[in-house]
Amino acid sequence: MGVSRLDVLYRRLLLTKLFIQGWGKPEDLKRIFEFRKIIGDRERCKDLVPKDYPVYIDKKEDQCDCQIHDGFFISPLEQIVPGILPPEAVKARFQLIVPKKWQRHRPVCIHLAGTGDHFFWRRRTLMARPMIKETGMASLLLENPYYILLLETLSDALTDALHGYRKPKDQLRSSLKNVSDLLVMGGALILESAVLLHWLEREGYWPLGMTGISMGGYMASLAVTNWPKPIPLIPCLSWSTASSVFTTGVLSKAVNWRELEKQYAINSVYEEEIVRLLEYGGVDSFKMGQDLVKNSPDSLDSLEHLLGLSGNEEARVNRYPRARSEAGQGMLITGGDRAEAGLETLLSSLNSSGKSFDTPRLPRNLHAINTQHAKSMGSPVGCQPSLQGESLSFMKGVMDECTHMANFSVPVDPSLIIVVQAKEDAYIPRTGVLSLQEIWPGCEVRYLDGGHISAYLFKQNQFRRAIYDAFDRFLQKYSNLQ
């Protein structure tokens, strides 16, 4: 099936760029990947967030149809991987929108934000308030790290005085500066969701579920893989991995590939050290990047077309020498004494509980696959694939490591998962990656006509219907858990 023309046109109208400063600090990437090994296994990390983790409500407001509670807490990621979050993002803020009169039980659905979904008004208007009107279900809206808490037309001083930021002051709108920022956001949201689920349980709300649209759907899915109980999950307009979003989807045109290729070329740490930390070994591991190399030069021509490069621009992209700096070799995973001590303490506590932290190294990393491909093509092992192909493969490997659902635990009860997808989604390509039905046997997938943008604009009622159905399914199976 083709892709939505509206999706393609909408993306062309946007001028914002992603990852304008590159991959992020190599030491940050290393720390993120080490942390991913922990949160990828539900048993290892079930005690990372205490059940009594402190949460504070600092404002309550009565409105005609609901009550709105504003609250905050300190992100657990700051304690577990100190310094990885920007200072502005350490305090997590949320809104809980509850009906004035409950209809049945006290259900709450947590909504995680999609790309560009700053503040709470969009989710509150399009999802939370209609859900109160239709079924009396409450909603909790968590603000993403790296996102702003008020409309950006307000002055910095006024915004700081009223709520504060989770967005670094030097970041433009939703344009994350580094690839590592997206990975840090995901790690933070997994832990922050656990904080909120524990708090809602303490406050007597039940049943609880999670949802999100686009990037919010990915983040909600990752959070549920960590939750040790059956829970409804409704990811909308998301799929099994974010790697295809940034390598073959229309959003890939917003990626600053020139800077990413430049950094990959001049700093050996990415190829020689970081790539060895990538452990996802599924059947679709690095598939797109390897197909790109295998089908060269035609596939490289298609990448140039994707990036909109002219011949002269392509020459500039490839002018960076493959010479490596010795200073980049042998870099340690530190992030400072405080960060190193925090991570070591965490790993020690996990090991002392009788759970081994050693994860067997999977052979399907980028270096191994490139070597196998070179052999199969009759090329010398030392022969380097193109810089474009390597950078694309590295991007896929990095994204798969931290966002591929097969790299995380299967949710406790996949039958409580209802996935809502758009048939012609140009933002979330499904070709060449594992389906969610393969990863989570028993989950349901519903397909909507049209693409990503049209579904977001006109199919919000279908998202809400899936939420209600998943919660009803939970009540039918687990009514005795209250």
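Since the structure is predicted, the reported quantities are computational estimates derived from the model, not experimental observations.

1. Quick notes on the nonpolar core
In this structure, Phe-33, Met-210, Phe-246 and Met-395 are the most contacted members of the largest nonpolar core, which totals 103 residues. Beyond its immediate stretch of four places on either side in the chain, Phe-33 contacts Leu-183, Ile-274, Leu-277, Leu-278, Val-398, Glu-401 and Cys-402.

2. Overview of the environment of Ile-39
By secondary structure assignment, the location of Ile-39 is in helix H2 (residues 26-39). As a C-alpha pair, Ile-39 and Ile-190 span 151 residues in sequence and 8.3 Å in three-dimensional space. Not counting residues up to four positions away in its chain, the partners in contact with Ile-39 are Cys-45, Leu-48, Gly-187, Ile-190, Asn-226 and Phe-408.

3. What about the environment of Arg-12?
Topologically, Arg-12 is positioned in helix H1 (residues 5-13). Of the residues examined, Arg-12 reaches a relative accessible area of 62% and is grouped as exposed. Once the C-alpha coordinates of Arg-12 and Leu-251 are considered, the two residues, 239 residues apart in sequence, prove to be 9.6 Å apart.

4. Here's the deal with unusual backbone geometry
In this structure, the amide linkage connecting Trp-206 to the following residue, Pro-207, adopts the cis form with an omega of -5 degrees. Considering the arrangement of structural elements, one finds Pro-207 in the loop between helix H7 (179-202) and strand E6 (208-213). With a phi angle near 55 degrees, His-105 is a residue other than glycine that sits in the positive phi range. Turning to its location among the elements, His-105 is positioned in the loop between strand E3 (91-99) and strand E4 (108-112).

5. A look at the pattern of salt bridges
One pass over the full model with this rule turns up 19 salt bridges. The closest approach of N and O atoms between Lys-477 and Asp-413, which form a salt bridge, is 2.8 Å. Note that Lys-477 is positioned in helix H20 (residues 460-478) and Asp-413 in the loop between helix H17 (387-403) and strand E8 (418-422), a separation of 64 residues in sequence. Owing to a relative accessible area of 42%, Lys-477 belongs among the partly exposed residues under this scheme. The exposure class assigned to Asp-413 is buried, which follows from its relative accessible area of 9%. For Lys-423, the salt bridge goes to Asp-449, with nearest N and O atoms at 3.0 Å. Highlighted residues: Lys-423 in the loop between E8 and helix H18 (436-439) and Asp-449 in the loop between strand E9 (444-448) and helix H19 (452-458), separated in sequence by 26 residues. Given the relative accessible area of 52%, Asp-449 is considered exposed. Because the salt bridges share partners, they merge into one network encompassing Glu-444, Arg-446, Arg-465, Asp-469 and Arg-473.

6. Things to note about the environment of Gly-212
Of note, Gly-212 is situated in strand E6. Residue classification places Gly-212 among the buried positions, given a relative accessible area of 2%. Ignoring sequence-local partners within four residues, the contact set of Gly-212 consists of Leu-112, Gly-217, Ala-220, Ile-234, Pro-235 and Cys-236.

7. Points about the confidence of the model for the protein
Considering every residue of the protein, the mean pLDDT works out to 79; 71% of them sit at 70 or more. Overall, residues 149-164 carries pLDDT values under 50, and its contacts beyond four positions in sequence, including any with other chains, amount to 21 contacts. This stretch, residues 287-384, has a pLDDT under 50; its non-local contacts, to residues over four places away or in other chains, come to 161 contacts.

8. Describing the packing of aromatic side chains
Taken as a whole, this structure holds 11 aromatic pairs when the rule is applied. Pairing Phe-474 with Tyr-478 gives two aromatic rings, centres 5.4 Å apart and planes at 40 degrees, and the pair type is tilted. Taken together, the positions of Phe-474 and Tyr-478, both in helix H20 and 4 residues apart, correspond to about one turn of that helix. Across the pair, Tyr-478 and Phe-474 agree in class, each one buried. These aromatic residues form a ring-pair network of at least three members: Trp-23, Tyr-264, Tyr-270 and Phe-394. A cation over an aromatic ring shows up here: Lys-91 above the ring of Phe-72, its NZ or CZ 4.7 Å from the ring centre.

The rules behind each value
- Residues numbered from 1 in each chain as written.
- Predicted model: local features only at pLDDT ≥ 70, side-chain atom pairs only at ≥ 80, totals over all residues.
- Heavy atoms only, no water.
- Core = buried A, V, L, I, M, F, W, Y, C linked by side-chain atoms within 4.5 Å.
- Buried < 20%, exposed > 50% of the residue type's maximum accessible area, 1.4 Å probe, protein only.
- Contact = heavy atoms within 4.5 Å.
- Helix = DSSP H or I, 4+ residues; strand = E, 2+ residues; numbered from the N terminus.
- Salt bridge = Lys/Arg side-chain N within 4 Å of Asp/Glu carboxyl O.
- pLDDT = per-residue confidence, 0-100.
- Phe/Tyr/Trp six-rings, centres within 6.5 Å; stacked < 30°, edge-to-face > 60°.
- Lys NZ or Arg CZ within 6 Å of the ring centre and 35° of its normal.

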